[in-house]
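Structural features, examined
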Amino acid sequence: MAEQNCLVTNDWICGEYLRSRSQELVDATLEHVGITVASVAIGVLVALPLALLARRFRFLAGPILGVTTVLYSVPSLAMFSLLLPFFGLSVSLVVTGLVLYSLTVLVRNILAGLQAVPEEARDAAKGMGYGPLRLLWEVELPLALPALLAGVRITTVSTVALTTVGAIVDYGGLGTLILDGLDTTFKAQVLTASVLCVLLAVTADLLLLGLQRLLTPWTRARRTRTSRASRKAAVTKVAEPA
């Protein structure tokens, strides 16, 4: 009986809220995931050519990194207000703002990954007749994947959080439920939507970590060799006579 009345007593934890508003929670979660995935995917598509430009023309690296950093420093309310005349009150407004925020991390990580590719690998590929595009897709990007995917992980987690700000234009996924719950002091809704946001961020990070390990098996092999070498050195040191 007490559980059935938790909506009336406005408890923070309320099973009746989960049962009666399950479809609303599912819809908000799906919207949240859709906005996050679209923003990160478009962000990668925009960041990759920017990183390539910064790598190819060094004099552009400073301006590109500077502009993306400035964009990230713009408050979300101001960002959405600046974009409002172009997109109106739509989901495109939120996605565009999140894409702009994602660029500072993505461009830096992709650029760092490309710059870390050993010159010997490039020279060997060129010696085998690889052209610029083939060199990029078959040598440089695969070797830059650890840095690129690390940037995607950071961006995804931050985008899950920033998506909630879209609630100010009614396209914030779970953020809309949080804002509505705060306006009406609906405790169960605020807590449930907030917990779901955290779970989304953790789940996305774990999935991307698994994808990173799957796509970069050589990093695990290198760590294993390093670990074995360290253990062997430790055993040798212990076995040495005093």
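Residues numbered from 1 in each chain as written. Predicted model: local features only at pLDDT ≥ 70, side-chain atom pairs only at ≥ 80, totals over all residues. Heavy atoms only, no water.

What follows deals with the overall build of the protein. Scanning the protein for helices and strands turns up eleven helices and zero strands. Order of helices (α) and strands (β) in the protein, N terminus to C terminus: α-α-α-α-α-α-α-α-α-α-α. Expressed as a percentage of its 242 residues, the buried residues of the protein come to 35%. Sequence-distant contacts, at least 24 apart, represent 70% of the contacts inside the protein between residues at least 6 apart. (Helix = DSSP H or I, 4+ residues; strand = E, 2+ residues; numbered from the N terminus. Buried < 20%, exposed > 50% of the residue type's maximum accessible area, 1.4 Å probe, protein only. Contact = heavy atoms within 4.5 Å.)

Moving on, we come to the pattern of salt bridges. Within the structure shown, the criterion is met by seven salt bridges. Between D205 and R153 there is a salt bridge whose closest N-O contact spans 2.9 Å. With a gap of 52 residues between them, D205 in helix α10 (residues 187-215) and R153 in helix α8 (residues 132-163) connect regions that are remote in the sequence. By relative accessible area, D205 is classed as partly exposed at 22%. Among the charged side chains, a network of salt bridges with common partners joins R55, E119, R122 and E140. (Salt bridge = Lys/Arg side-chain N within 4 Å of Asp/Glu carboxyl O.)

Another point: the packing of aromatic side chains. With the rule as written, the count across this model stands at three aromatic pairs. A centroid spacing of 5.3 Å and a plane angle of 75° characterise the contact between Y17 and F186, whose relative ring orientation is edge-to-face. Here Y17, found in helix α2 (residues 15-20), pairs with F186, found in the loop between α9 (174-183) and α10; they are 169 residues apart in sequence, far enough to count as distant. Here Y17 and F186 have matching classes, each one buried. The positively charged end of R56 is found above the aromatic ring belonging to F57, 5.0 Å away from the centroid. Over the face of the ring belonging to Y130 we find R134, whose NZ or CZ atom lies 3.9 Å from the ring centre. (Phe/Tyr/Trp six-rings, centres within 6.5 Å; stacked < 30°, edge-to-face > 60°. Lys NZ or Arg CZ within 6 Å of the ring centre and 35° of its normal.)

The next thing to look at is the layout of surface pockets. For the largest pocket, the calculated volume is near 420 Å³. Contributing to the lining of the largest pocket are 22 residues, with V37, V40, V152, T156 and L208 lying nearest its centre. Going through the elements one at a time, α3 (22-56), α8 and α10 are the ones with two or more residues in the lining of the largest pocket. Of the residues contributing to the lining of the largest pocket, the split by class is 18 nonpolar, four polar and no charged. One number sums up the size of the second largest pocket: a volume of about 330 Å³. A per-element tally of the lining of the second largest pocket places α8 first, with five residues. Its residues assigned to classes, the lining of the second largest pocket shows six nonpolar, one polar and six charged. (1 Å grid on protein atoms, 1.4 Å probe; cavity = no way out; pocket = protein on both sides within 12 Å on 5 of 7 lines; lining within 4 Å. Points joined across faces, edges and corners; volume = space filled by probe spheres on them. Nonpolar A, V, L, I, M, F, W, Y, C, P; charged D, E, K, R; others polar.)

This part takes up the environment of A125. With respect to the element layout, A125 can be found in helix α7 (residues 119-127). The exposure class assigned to A125 is buried, which follows from its relative accessible area of 4%. Sequence separation of A125 and E140 is 15 residues, and the distance between their C-alpha atoms is 9.9 Å. If we ignore the near neighbours within four places in the chain, the residues touching A125 are Y130, L135 and V139.

With that settled, consider the packing of α3 against α9. Between α3 and α9, the shortest axis-to-axis distance is 7 Å and the interhelical angle comes to 125°. The angle between α3 and α9 places the two elements in the oblique class. Two secondary-structure elements touch here, α3 through E24, L25, A28, T29 and H32 and α9 through L174, G175 and L177. (Axes fitted to C-alpha atoms, helices over the stretch in contact; angles between N-to-C directions. Parallel < 35°, antiparallel > 145°, perpendicular 65-115°, else oblique.)

Further remarks concern the environment of L93. As for its position among the elements, L93 is in helix α6 (residues 91-115). Exposure remark for L93: the relative accessible area of 0% places this residue in the buried category. In this structure, the C-alpha to C-alpha distance between L93 and L82, residues eleven residues apart in sequence, is 9.8 Å. When residues no more than four places from it in sequence are discounted, the contact partners of L93 are F80, L83, L84, F87, G88 and V169.

On the surface, a cluster of nonpolar side chains totalling about 510 Å² of accessible area is made up of W12, I13, L191, V195 and L199. Tracing the backbone through its elements, the reader meets W12 in the loop between α1 (6-9) and α2. Of the residues examined, W12 reaches a relative accessible area of 48% and is grouped as partly exposed. (Patch = residues over 30% accessible without salt bridge, like charges linked within 9 Å, V, L, I, M, F, W, Y side chains within 5 Å. Areas by Shrake-Rupley, 256 points an atom, 1.4 Å probe, with all protein chains shown as cover.)

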